[in-house]
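# Understanding the architecture of this molecule
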Amino acid sequence: MAVAAVALCATSCKKDGVYKPGKQIAKIVYIDDEDGTTEPYETWNWDGKLLKSITYHWLSDANGEPCVETFTYDGNRIVASDFDDGHTTYTYDGKRLSSFEFTWGDTSLWRSTVVYSFEYEGDRISTITQSGHTVTPEKRLPMGMLRMMLPEPICQQIQRDGQREAAEAAKLGAKNVVDIVRTYKLTWEGSNIAKVECECRSNDELIYTTTEVMTYDDMHNPFMDLHDETRMFYIDMYVSFCSNNVLTWNKYYGAESNTPEYSSTYTYKYDEDGYPVEYVLMEVGPYRTTTSKFALEYSK
């Protein structure tokens with residue numbers, strides 16, 4: 001009973017926007033499994049207990065330099081972050097994260113705004129709505145430019161949906177405003193998100209639906225409570241909300257599909273405290289299968 005009470009307090013008493021992991025990630029490296037060589041993947045910069053910035057070596061800016069995300073705090077709560085030429089403002093309703101807005105692009109050419117809104121049932125997030133709004137000076141743009149200018153996917157799996165969205169947006173022709181809205185309904189099992197049902201709409205017309213199904217280990221997730229825009233935008237939208245590390249992920253298109261179009265499997269090695277120190281990611285899609293290996297190092 002006492003353990004249950006502690007767990008309940010940990011869920012209901014914590015304040016969103018405060019990232020205090022049991023272990024601080026210092027860096028993540030990519031490992032070439034053939035010859036064992038490594039190269040930087042992410043470098044994390046801490047100031048005491050506050051995460052000040054993350055360098056993403058796998059993402060490059062216009063000059064070919066690694067992109068850096070820097071964080072701004074009000075006390076110990078993240079209230080803003082900056083990434084490349086984008087800025088994010090985080091909004092809270094008491095202890096809860098209610099929304100954040102990411103604005104990105106060159107105002108003389110185009111500007112894209114992405115807003116994430118969060119709805120709750122009890123202490124759990126039940127719905128995430130991601131809306132993208134892109135304004136351009138041209139009435140019609142080539143497909144390649146549309147793909148670059150549409151709001152980027154919020155996780156690796158959603159990146160693959162960009163082609164579908166671009167194709168639909170290209171049909172708009174004379175319009176110079178593209179609105180993409182994704183609504184995610186979350187199903188929880190314990191302290192992890194087990195299923196996500198998504199509807200994606202372009203200018204109020206349904207483009208597609210998807211269902212994602214995940215399983216988890218019972219070890220510590222070092223990313224929990226880090227609700228940064230870049231990690232949600234490019235890597236994995238749900239990782240920061242879950243207590244444990246994902247083991248399998250399957251994505252289905254359409255309500256009637258029984259076969260995943262994309263799937264991922266994670267295999268971990270852990271330290272003596274139950275934190276991942278190495279993992280292998282195998283991704284399977286309709287055209288190829290890839291395997292990647294990473295190591296996590298923590299601050300002493």
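Everything numeric here is computed off the predicted structure, so don't read it as measured data. (Residues numbered from 1 in each chain as written. Predicted model: local features only at pLDDT ≥ 70, side-chain atom pairs only at ≥ 80, totals over all residues. Heavy atoms only, no water.)

### Describing the side chain of Ser 264
The topology assignment puts Ser 264 in strand E14 (residues 262–270). Overall, the relative accessible area of 4% leaves Ser 264 in the buried class. Excluding its chain neighbours within four sequence positions, the residues that come into contact with Ser 264 are Leu 247, Thr 248, Trp 249, Leu 281, Met 282 and Glu 283. (Helix = DSSP H or I, 4+ residues; strand = E, 2+ residues; numbered from the N terminus. Buried < 20%, exposed > 50% of the residue type's maximum accessible area, 1.4 Å probe, protein only. Contact = heavy atoms within 4.5 Å.)

### What to know about the pairing of strand E5 (residues 77–83)
Counting buried residues along E5, five of its seven residues qualify, which places the element largely inside the surrounding structure. As defined by bridge partners, strand E4 (residues 66–74) adjoins E5 across six bridges and the pair is classed as antiparallel. Bridging across to E5, Thr 70 finds its partner in Asp 82. Note that E5 and strand E6 (residues 86–93) share four bridges and pair antiparallel. Across the sheet, the residue bridging to Ser 81 is Thr 88, located in E6. Here E5 folds back onto E6 in antiparallel fashion, the turn holding two residues, of which Asp 84 has a positive phi close to 55°. (Pairing = 2+ DSSP bridges.)

### Structural notes on unusual backbone geometry
Here Asp 225, not a glycine, exhibits a phi torsion of approximately 80°, which is positive. Considering the arrangement of structural elements, one finds Asp 225 in the loop between strand E12 (205–216) and helix H5 (229–235).

### A word on the packing of aromatic side chains
Evaluated as defined, the whole model comprises 20 aromatic pairs. When the ring of Tyr 56 is compared with that of Trp 58, the centres are 5.8 Å apart and the planes differ by 80°; the resulting orientation is edge-to-face. The class of Tyr 56 is buried, set by a relative accessible area of 0%. Residue class for Trp 58 comes out partly exposed when judged on its relative accessible area of 27%. Sitting above the plane of the Tyr 298 ring, Lys 23 keeps its charged end 5.9 Å from the centroid. (Phe/Tyr/Trp six-rings, centres within 6.5 Å; stacked < 30°, edge-to-face > 60°. Lys NZ or Arg CZ within 6 Å of the ring centre and 35° of its normal.)

### Notes on the side chain of Arg 182
Residue position: Arg 182 is located in strand E10 (residues 177–189). Polar side-chain contacts of Arg 182 include one of 2.4 Å to the side chain of Gln 130. (Polar contact = N/O pair within 3.5 Å; in protein donor to acceptor, adjacent residues only side chain to side chain.)

### A few points about the environment of Leu 51
Summarising the element assignment, Leu 51 is placed in strand E3 (residues 50–60). Residue Leu 51 is classed as buried on the basis of its relative accessible area, which comes to 1%. Distance from Leu 51 to Gln 24, taken between C-alpha atoms, is 8.6 Å for residues 27 residues apart in sequence. If near-sequence neighbours (up to four positions away) are discounted, Leu 51 is found in contact with Tyr 19, Trp 44, Asn 45, Trp 46, Phe 71, Tyr 73 and Leu 226.

### Looking at the confidence of the model for the protein chain
Model confidence for the protein chain is summarised by a mean pLDDT of 81, while 78% of its residues fall at 70 or above. The secondary-structure element of the protein chain with the lowest mean pLDDT is helix H2 (residues 143–149), recorded at 32, while strand E1 (residues 25–31) shows the highest, at 97. Here residues 1–12 is a poorly scored stretch, pLDDT under 50, and it has five contacts once near neighbours within four places are set aside; other chains count. Below pLDDT 50 for its whole length, residues 172–177 participates in 15 contacts with residues either more than four positions away or in separate chains. (pLDDT = per-residue confidence, 0-100.)

### Observations regarding a positive patch on the surface
A surface patch of positive charge is lined by Lys 15, Lys 20, Lys 49 and Lys 95. By the secondary structure assignment, Lys 49 is in the loop between strand E2 (38–47) and E3. Judged by relative accessible area, which is 65%, Lys 49 ranks as exposed. (Patch = residues over 30% accessible without salt bridge, like charges linked within 9 Å, V, L, I, M, F, W, Y side chains within 5 Å. Areas by Shrake-Rupley, 256 points an atom, 1.4 Å probe, with all protein chains shown as cover. Salt bridge = Lys/Arg side-chain N within 4 Å of Asp/Glu carboxyl O. Lys, Arg positive; Asp, Glu negative; His and termini not counted. Charge placed at Lys NZ, Arg CZ, Asp CG, Glu CD.)

### Description of the pattern of salt bridges
If you walk through the whole model with that rule in mind, you get six salt bridges. Asp 273 is the salt-bridge partner of Lys 23, the closest N and O atoms lying 2.7 Å from each other. Taken together, the residues span a long stretch of sequence, with Lys 23 in the loop between helix H1 (2–13) and E1 and Asp 273 in the loop between E14 and strand E15 (276–284) at a distance of 250 residues. Judged by relative accessible area, which is 39%, Asp 273 ranks as partly exposed. Among the ionic pairs, Glu 297 bridges to Lys 27, the shortest N-O distance being 3.8 Å. Taken together, the residues Glu 297 in strand E16 (residues 289–298) and Lys 27 in strand E1 connect sequence positions 270 residues apart.

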